[in-house]
Every structure is written in C-alpha cells, then in structure tokens.
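# Remarks on the overall topology
Residue strings, one per chain:
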Amino acid sequence: MTPDNPLQHKPSAARKALVLGGKTGLLGQALAHVLKEQHWDLLCPGRDDLDVFDQTSLEAYIERHRPSHLFNTIGYTQVDQAEEETRAASRLNTSLPILLARIAKSCNLYFIHYSTDFVFDGKKSIPYLPQDEPNPLSVYGTTKLEGEQGVMALGWDKTLIIRTAWLFGPYKTNFVDKILTLAATRRSLDIVHDQVGCPTYTMDLACNTLALVKAGAQGIFHLTNTGHASWCELAAEAIACTGVPCHARPISSADFPQKAVRPAYSVLDCSDFVRATGLTPRPWIQALRAYLFEKDHACLTDPRD
Ligand SMILES: NC(=O)c1ccc[n+]([C@@H]2O[C@H](COP(=O)([O-])OP(=O)(O)OC[C@H]3O[C@@H](n4cnc5c(N)ncnc54)[C@H](OP(=O)(O)O)[C@@H]3O)[C@@H](O)[C@H]2O)c1
C-alpha cells in the first residue's frame, strides 16, 4: 500500500463483499446467495453497472462502497471457444485478475479468485496437490494459469486462489441440466468416460469458500466436492436420480472430438482445505441429489471428519 494512495482505507468492520460475476454467473450467483444467507453486506454489479476493465471506475466504485472482500468469479469459461478467442480469454482470465489483485492490494481488500483443474495435464493417477506442477493443455487452462501466476507475483498476502472443477448448481444452465434436458427426449446418450474429475456443487463451493475466508486462508487451495467421476458417470447418476428411461453410454474422447484438449484425470486433492477449516466437503453424489431434490439449495459440509 502506498501511503499517499487516496483509495487506501480501512474497510468497514462489517463484512461487505463485492462479488464480480454475482449477478449472472453460475458460481457468482451461488456465492451471492450464501453470502446473503450468512448476513454479509453484498454488492453484485453486472456488466451494465460497472466496467471491470476500467480501473478508474472500479476504484471509484470501491471508494464509494468500501467493501472488505473482493470475490472474482468472472472468467472466460467457454473452454472450446477459447481456442479461437485467445485474446478474449486472456483478457478475462489473465489480465482481469491481475488488475483486481493490484486494486485489492492498494485498497487493502481480501481478494478471492477462482481457477481450474484444467491447469493440469492429467497425467497423474492420484489427486493433484496445489503445489503439483501445472501444465495446461488448452488456451483456457493456460490463461487461467497465467492469471494465477500474475496474481501471486504481486505478493499481496490477503490473496486466496481457489482451484475448482466441473461445476453444477442453480441459476444458470450447466452440464447436469443439459444432460437431463437431452435425456427427457432420448433413449440413450453417448457420453465421454475417459475424462475423470470432481463434480462440484456451486452451493457447497460457496459455503466452503466462506469457511476458508473465515479461517484467513491465503495462497492456492483446491476445493471441490469429494469423490470422482467421469462425465458419463456424472450423467448416469443424474439420469438415475430423476428416473428418466435413458441410458448413458460410455464413449472415449476420441469418439467425441472437441477443439480444446481436456486432462484425462484432474481430480484435486482438497486436504489443505480440510486442514485449514476442519471441514470435509460432502461427496459429489450427495451434493448432486441436494441440487436435484432440495428446493432451498442449502449447502452442507460434514464437520465430523
Ligand atoms: N464452470 C465450471 O465448471 C468451472 C470449473 C472450474 C473452474 N471454474 C472457474 O470458476 C469461475 C466461475 O465460473 P462460472 O462457471 O461460474 O462462470 P460463468 O457462469 O461463465 O460466469 C462468468 C461471469 O463472468 C461475467 N463476465 C464475462 N465476461 C465479462 C465481461 N467482459 N465483463 C463483465 N463480466 C463478464 C459473466 O457475465 P455475463 O453473464 O454478463 O456474461 C458471468 O457473470 C471462473 O473463474 C471459472 O474459470 C469454473
């Protein structure tokens, strides 16, 4: 912090969150829901309310509203499209988090940013630790990794980067919704079975993010639900839950060519989260059922383990 910085301020004692992506994003809206439930003051400007790339406007917004925490859920998340729109992906996934971290540092805000399992190449066969060597296979993964590195290089200690994976949840269409829509009209669906990851419920991720924040966590953490699945297993479980007579047929990635290469195995080891918070995220199957059957979208973390 520079002493003569006019933006330098002590955030109000109350916890006030500025959630970028909180108006329309899959994770951002879940985070907004949970923050509200936990009685935080909340700011969720959409792209029409605030140009996040305009540093002057952003700083004026922060000066006016004085948040204590800045959550960035904005990202270029179209993994295949990113292969062709490298610049747009880089702007959102690399330049923006670095700009936000710089502002967080100068305004003394706790900065929470999200990254991805796709920073890894999937060559391991046991869960990835935060300190494992990244080696992204796609533009999306590369731009997210460069965002992480740029943020960490600023050396702002109140920085938390959360790598997560395979999100499903309310408020915005996601993989599970798409599968169930297709399953309603098809007898069978061919779904990739040779990519394995951690399906993650946005509401659980939001709750567990706040547990990390409460613990004062800093640095890079992995955070998903527990267990692992292939896309086909996730789809088959969602279909089974809803009782639709549709068969999920396992196929290989070679039979479903996509522009971006995905890691074959990207399960994340969340033991640092467990150590920091004393909480264990619930299994993804249980979280999936909560998403499909519980109307209030409550999140649950098992405090017993
Ligand atoms: N989804 C996953 O499975 C997954 C997996 C691993 C990691 N992650 C990471 O988790 C984070 C959240 O992902 P998500 O799936 O919730 O993302 P998302 O649903 O695609 O939401 C992205 C948000 O960014 C906003 N945004 C995009 N371009 C913008 C711009 N130019 N100016 C202002 N806002 C802009 C969008 O607003 P508009 O609606 O106005 O476009 C939206 O609110 C990202 O960092 C992502 O990389 C996601």
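Residues numbered from 1 in each chain as written. Predicted model: local features only at pLDDT ≥ 70, side-chain atom pairs only at ≥ 80, totals over all residues. Heavy atoms only, no water.

UniProt records the feature "domain: RmlD-like substrate binding" (unreviewed entry) for residues 18-292 in the present numbering. Between the C-alpha atoms that bound residues 18-292 there is a distance of 29 Å. The span itself is 40% helix and 17% strand. (UniProt positions renumbered as here; feature names shortened; annotations may be inferred. Helix = DSSP H or I, 4+ residues; strand = E, 2+ residues; numbered from the N terminus.)

If a probe the size of a water molecule is rolled over the atoms, the empty space left behind becomes visible. Its volume calculated, the second largest pocket comes out at about 150 Å³. Arg-15, Gln-38, Trp-40, His-69, Cys-207, Leu-210, Ala-211, Val-213 and Lys-214 are the residues that line the second largest pocket. The element that contributes the greatest number of residues to the lining of the second largest pocket is helix 6 (residues 202-214), accounting for five residues. Considering only residue class, the lining of the second largest pocket consists of five nonpolar, two polar and two charged. (1 Å grid on protein atoms, 1.4 Å probe; cavity = no way out; pocket = protein on both sides within 12 Å on 5 of 7 lines; lining within 4 Å. Points joined across faces, edges and corners; volume = space filled by probe spheres on them. Nonpolar A, V, L, I, M, F, W, Y, C, P; charged D, E, K, R; others polar.)

If you check the shell around the ligand, you find 22 residues, and the closest are Thr-24, Arg-47, Thr-77, Tyr-140 and Lys-144. Here Tyr-114 contributes a backbone N or O atom positioned 3.3 Å from an oxygen atom of the ligand. In the environment of the ligand, an oxygen atom lies 2.7 Å from a nitrogen or oxygen atom belonging to the side chain of Lys-144. For the ligand, the protein covers 82% of the area, taking 900 Å² as the surface of the free molecule. Those elements giving two or more residues to the shell around the ligand turn out to be helix 1 (26-37), strand 4 (110-116) and helix 4 (139-153). Here the element with the most residues in the shell around the ligand is strand 4; it accounts for three residues. In terms of residue class, the shell around the ligand is built from 10 nonpolar, nine polar and three charged. (Near = heavy atom within 4 Å. Polar contact = N/O pair within 3.5 Å; in protein donor to acceptor, adjacent residues only side chain to side chain. Areas by Shrake-Rupley, 256 points an atom, 1.4 Å probe, with all protein chains shown as cover.)

The next subject is the nonpolar core. Core analysis: the largest hydrophobic core is formed by 63 residues, its most contacted members being Phe-71, Leu-160 and Val-176. Contacts of Leu-160, omitting those with residues within four sequence positions, involve Tyr-110, Phe-111, Ile-112, His-113, Leu-212, Val-213, Ala-217, Gly-219 and Phe-221. One finds Leu-58, Leu-99, Ala-104 and Cys-107 within the second-largest nonpolar core, a separate group that totals 23 residues. (Core = buried A, V, L, I, M, F, W, Y, C linked by side-chain atoms within 4.5 Å. Buried < 20%, exposed > 50% of the residue type's maximum accessible area, 1.4 Å probe, protein only. Contact = heavy atoms within 4.5 Å.)

Between side chains of opposite charge, a pair can form as their charged atoms come close. Scanning the model with the defined rule gives 10 salt bridges in all. One salt bridge in this structure joins Lys-23 and Asp-49, with 2.9 Å as the shortest N-O distance. One end of the pair, Lys-23, is in the loop between strand 1 (16-20) and helix 1; the other, Asp-49, is in the loop between strand 2 (41-43) and helix 2 (55-65), and 26 residues separate them in sequence. Asp-49 gets classed as partly exposed once you look at its relative accessible area, which sits at 45%. Residue Arg-163 pairs with Glu-148 through a salt bridge whose shortest N-O separation is 2.7 Å. Placement of Arg-163 in strand 5 (residues 159-164) and of Glu-148 in helix 4 is noted, with a sequence separation of 15 residues between them. Its relative accessible area of 2% is what places Arg-163 among the buried residues. Since its relative accessible area comes to 2%, Glu-148 is described here as buried. (Salt bridge = Lys/Arg side-chain N within 4 Å of Asp/Glu carboxyl O.)

This part is about helix 2. Inspection of helix 2 places Leu-58, Glu-59, Tyr-61 and Ile-62 among the buried residues, and these make up the whole buried set. For helix 2, the arc enclosing every buried residue in end-on projection is 155°, short of the 170-degree limit, so these residues lie on one face. In helix 2, the exposed residues that point more than 90 degrees away from the buried face are Thr-56 and Arg-64. Each element contacted by the buried residues of helix 2 is listed here: strand 1, strand 2 and helix 3 (86-107). The backbone nitrogen of Thr-56 lies 3.1 Å from a side-chain oxygen of the residue at the head of helix 2, namely Asp-54. Positive phi shows up at Arg-66, right after helix 2, with a value of about 50°. (Arc of directions from axis to C-beta.)

Moving on to the sheet that holds strand 1. Reading across from one edge, 2-1-3-4-5-10 is the order of the six strands in this open sheet, with parallel pairing throughout. Taken across any chain shown, the strands that pair with only one partner, and hence form the sheet edges, are strand 2 and strand 10 (219-222). The mean inter-strand angle of the sheet, taken between neighbouring strand axes irrespective of direction, is 20°. Taken together, the three bridges between strand 1 and strand 2 define a ladder with parallel strand orientation. Opposite Ala-17, over in strand 2, you have Leu-42 as the bridge partner. Contacts from helix 4 reach strand 4, strand 5 and strand 10, with the element oriented near 155° to strand 4. (Pairing = 2+ DSSP bridges. Axes fitted to C-alpha atoms, helices over the stretch in contact; angles between N-to-C directions.)

Take the side chain of Thr-200 next. As for its position among the elements, Thr-200 is in strand 9 (residues 200-201). A polar atom in the side chain of Thr-200 sits 3.2 Å from the backbone oxygen of Ala-165. Here the side chain of Thr-200 touches Cys-198 through a polar contact of 3.0 Å, landing on its backbone oxygen. Once residues lying within four places of it in the same chain are set aside, the contact partners of Thr-200 are Thr-164, Ala-165, Trp-166, Leu-167, Phe-168, Leu-205, Thr-224 and Asn-225.

With 92% of its residues at a pLDDT of 70 or more, the chain has an overall mean of 94. In the model, residues 1-12 has pLDDT below 50 throughout and makes 25 contacts with residues more than four positions away in sequence or in other chains. (pLDDT = per-residue confidence, 0-100.)

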